[in-house]
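Chain by chain, the residues run as shown.
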Amino acid sequence: MPRRERRAQLLESALEVFVAQGYHAAAMDDIAERAGVSKPVLYQHFPGKLDLYLALLDASCDAIIDNCRKALESTPDNKQRVAATMEAFYDYIGSNDGAFRLVFESDLTNEPAVRNAVDRVTSDCAALITEVIHEDTGLTDEASRLLAVSLVGMAQVSARFWVTDAGGISRPDAVALVSGLAWRGIRGYPLTDDH
């Protein structure tokens, strides 16, 4: 198998094991077995369990940040941007692969490299949203960033709650409810003369 395909296969197997067992309980033996390879093959691609976990974590963080960027760029209409961004978080957290657990429910958050990667999701998504808020309202960068971090927090926390305790609320209905709440709050900040 070509190196790139083997690496993708190993990452997919590792994701399944880490999501099911958590970092501390997962063993490289389990990951190698799930991938159908020997441990030496696994170690050829990843020097250790933490390296493998960080590769998965970085890919997961990149995915949610990229989805947030695409949502913001999908329309110039701010009400639709709020809904699209909220949907990006709900789609990511509600996906069947459970990758969100690596980002938002890691049992390894005391490890600085893991903490930095997890914090990157909030900071990078908030930076994207900050820019939109600042441009549209003329609020200071600091005020725009605080509002942006609040919106990201609302998206993350509500989506995580929804996925574990949805109480029969469908994903579209949950997105509509929470994006409606976010929009009712953020639209209260007046647009600048340019918008």
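Since this is a predicted model, take the numbers as computed values, not measurements.

A word on the UniProt feature "domain: HTH tetR-type" (unreviewed entry) in the protein
Part 1 of the argument: The feature "domain: HTH tetR-type" (unreviewed entry), as given by UniProt, occupies residues 4-64 in the numbering adopted here.
Part 2 of the argument: Here residues 4-64 runs as 87% helix and 0% strand, with 22 Å between its end C-alpha atoms.

Notes on the state of the cysteines
Part 1 of the argument: Applying the stated rule across the entire model yields zero disulfides.
Part 2 of the argument: Cys61 takes part in no disulfide bond, and the closest cysteine sulfur, belonging to Cys125, lies 9.2 Å away.
Part 3 of the argument: Residue Cys61 is classed as buried on the basis of its relative accessible area, which comes to 0%.
Part 4 of the argument: In this structure Cys125 is a free cysteine whose sulfur lies 3.8 Å from that of Cys68, the closest cysteine sulfur available.
Part 5 of the argument: For Cys125, a relative accessible area of 0% gives the class buried.

A short note on helix 7 (residues 112-137)
Part 1 of the argument: An ideal rise of 1.5 Å per residue puts 38 Å on 26 residues; helix 7 measures up with 35 Å between its terminal C-alpha atoms.
Part 2 of the argument: At Arg120, helix 7 is deflected by roughly 30 degrees, the largest bend along its length.
Part 3 of the argument: Looking at the buried residues of helix 7, the elements they touch are helix 4 (49-73), helix 5 (78-93), helix 6 (100-104), helix 8 (141-165) and helix 9 (171-186).
Part 4 of the argument: Taken from the residues just after helix 7, Gly138 is the one with a positive phi, measuring 80 degrees.

Remarks on the nonpolar core
Part 1 of the argument: Grouped together as the largest cluster of nonpolar side chains are 60 residues, with contacts concentrated most on Phe18, Leu52 and Leu57.
Part 2 of the argument: Contributing elements (two or more residues each) for this core: helix 1 (3-25), helix 2 (28-35), helix 4, helix 5, helix 6, helix 7, helix 8 and helix 9.
Part 3 of the argument: Examining the composition of this core, we find that 11 residues originate from one element, helix 4, more than from any other.
Part 4 of the argument: Discounting residues that sit within four places of it in the chain, Phe18 has contacts with Tyr23, Ala26, Ile31, Lys49, Leu52, Tyr53, Leu56 and Leu102.

Remarks on the packing of helix 4 against helix 7
Part 1 of the argument: One can describe the packing of helix 4 onto helix 7 by two numbers: an axis separation of 10 Å at closest approach and a directional angle of 10 degrees. Here helix 7 runs roughly parallel to helix 4, going by the angle between their axes. Residues Leu50, Tyr53, Leu54, Leu57, Asp58, Cys61, Asp62, Ile64, Ile65, Cys68, Arg69 and Leu72 of helix 4 pack against Ala113, Val114, Ala117, Val118, Arg120, Val121, Asp124, Cys125, Leu128, Ile129 and Val132 of helix 7.
Part 2 of the argument: A class-by-class count of the residues in the contact of helix 4 with helix 7 yields 18 nonpolar, no polar and five charged.

Things to note about helix 2
Part 1 of the argument: Three or more residues of helix 2 are buried, namely Met28, Ile31, Ala32 and Ala35. Along the long axis of helix 2, the arc covered by the buried residues comes to 100 degrees, so they all point the same way.
Part 2 of the argument: Contacts made by the buried residues of helix 2 are with helix 1, helix 3 (39-45) and helix 4.
Part 3 of the argument: After helix 2 finishes, the residue Gly36 shows a positive phi value of roughly 75 degrees.

Cut-off values and rules
- In this convention, every chain numbers its residues from 1, walking through the sequence in written order.
- Local features in this predicted model are restricted to residues whose pLDDT is 70 or higher, and side-chain atom pairs enter the listing and the counts only when it is 80 or higher, whereas totals over whole chains, interfaces and linings include all residues.
- Calculation of side-chain values draws on the structure's entire complement of heavy atoms; hydrogens and water are dropped beforehand.
- UniProt positions are given in the numbering used here, feature names are shortened, and annotations may be inferred rather than shown by experiment.
- Labels follow the DSSP assignment, with helices taken as runs of H or I lasting at least four residues and strands as runs of E lasting at least two, numbered in each case from the N terminus.
- For this text, the term disulfide refers to a pair of cysteine sulfurs within 2.5 Å.
- Any residue under 20% of the maximum accessible area for its type is buried, any over 50% is exposed, and the rest in between are partly exposed; the area is computed with a 1.4 Å probe on protein chains only.
- To estimate how far a helix should extend, the number of its residues minus one is multiplied by 1.5 Å.
- We define the bend at each residue as the angle formed by axes fitted to the 7 residues ending at it and the 7 residues starting at it.
- Any two residues whose heavy atoms approach within 4.5 Å are treated as being in contact.
- Residues enter a nonpolar core if they are buried and are Ala, Val, Leu, Ile, Met, Phe, Trp, Tyr or Cys, with the set joined through side-chain atoms within 4.5 Å.
- Angles run from 0 to 180 degrees between N-to-C directions of axes, and those axes are lines fitted to C-alpha atoms, restricted for helices to the stretch in contact.
- When an angle is under 35 degrees it counts as roughly parallel; over 145 it counts as roughly antiparallel; between 65 and 115 it counts as roughly perpendicular; any other value is oblique.
- Here the term charged refers only to Asp, Glu, Lys and Arg, the term nonpolar to Ala, Val, Leu, Ile, Met, Phe, Trp, Tyr, Cys and Pro, and the term polar to all other amino acids, Gly among them.
- What the arc measures is the spread of directions leading from the helix axis to the C-beta atoms.

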